[in-house]
Amino acid sequence: MDSLENQLLIAMPTLGDPYFNKTVTYICEHNDEGAMGLIINLPVNISLSELLAQLEEEKDSKSINVKNEYTERLKQMVLSGGPVASERGFVLHTPQSCWSSSLSLSDDIMITTSKDILLSLGTKEAPDNYMVTLGYAGWGPGQLEEELKANSWLTTPADADILFNTPIEQRWKKATEKLGIDIAHLSSDVGHS
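Rules and cut-offs
- Residues numbered from 1 in each chain as written.
- Predicted model: local features only at pLDDT ≥ 70, side-chain atom pairs only at ≥ 80, totals over all residues.
- Heavy atoms only, no water.
- Buried < 20%, exposed > 50% of the residue type's maximum accessible area, 1.4 Å probe, protein only.
- Helix = DSSP H or I, 4+ residues; strand = E, 2+ residues; numbered from the N terminus.
- Arc of directions from axis to C-beta.
- Contact = heavy atoms within 4.5 Å.
- Pairing = 2+ DSSP bridges.
- Phe/Tyr/Trp six-rings, centres within 6.5 Å; stacked < 30°, edge-to-face > 60°.
- Core = buried A, V, L, I, M, F, W, Y, C linked by side-chain atoms within 4.5 Å.

(A) A look at helix α5 (residues 171-178). Every buried residue belonging to α5 is among Arg 171, Trp 172, Ala 175 and Thr 176, and all of these are buried. Each buried residue of α5 sits inside an arc of 130° when the element is viewed along its axis, so together they form one side. Contacts from the buried residues of α5 go to β1 (7-11), β2 (24-31), β5 (77-80), β9 (130-139), β10 (153-157) and α4 (160-164). Immediately downstream of α5, the backbone of Gly 180 shows phi near 80°, a positive value.

(B) The arrangement of the pairing of strand β6 (residues 84-93) in detail. Bridge count between β6 and β9: 6 bridges; the pairing is antiparallel. Pairing of Gly 89 across the sheet is with Leu 134, part of β9. Where β6 lies against strand β8 (residues 110-112), 3 bridges are found, and the strand directions are antiparallel. When the sheet's bridge partners are listed, Val 91 is paired in β8 with Thr 112.

(C) The arrangement of the packing of aromatic side chains in detail. Per the counting criterion, the structure on display carries 4 aromatic pairs. Taken together, a centroid distance of 5.8 Å and an interplanar angle of 80° make the contact between Phe 20 and Trp 153 edge-to-face. With Phe 20 in the loop between β1 and β2 and Trp 153 in strand β10, this residue pair connects regions lying 133 residues apart in the sequence. Take Phe 20: its relative accessible area is 10%, and that puts it in the buried class. Look at Phe 90 and Tyr 136: their rings are 5.9 Å apart centre to centre, the planes differ by 80°, and that puts the pair in the edge-to-face class. You can see Phe 90 sitting in strand β6 and its partner Tyr 136 sitting in strand β9, a full 46 residues away along the chain.

(D) Focus on the nonpolar core. The biggest cluster of nonpolar side chains holds 22 residues, and the ones touching the most others in it are Leu 8, Tyr 26, Ile 40, Leu 92 and Leu 163. Elements with a contribution of two residues or more to this core: β1, β2, β3 (34-39), β6, α4 and α5. The leading source of residues in this core is α4, at 4 residues. Leu 55, Val 78, Trp 99 and Tyr 130 belong to the second largest nonpolar core, which has 16 residues in total.

So this is what it looks like as structure tokens:
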């Protein structure tokens, strides 16, 4: 099977796991050892500014100045990236060369788990676009392929507009529309030809 890296995984109504109901997952890694992705439309009950305030309490002398023109962007919600390692933070962001710990996933998407980028959010040093998730979704070898065969997911190439510019509650609908599918016509019936 071809790699699903840099694809959006769209949960079908038939997917039995309630955690993934109507989720869209950005696939960061997919190979013979399994797959890893971040759910991009499942907010947790904390804003980015609240998360950064918690980090600020843990920090020493360096302070975050969030009372500026960047404050509005810190109102975005932190997302649950998945049920695995929910205490671990991930930042998906547009490319910026100053972060040595960021990995390029495509021409327009990078990922990092480094705390220094978190501390830049709300400042002029922050990437142009970003989202913060806690945890990730993971699949063992062959597991995602089996779920695809069972019609649990649809896939489409990742779209930075969906990731960074579409409101969280509209991402599932927008991703299905990208496939030319009207979600009102998605059935929970499974069929194979």
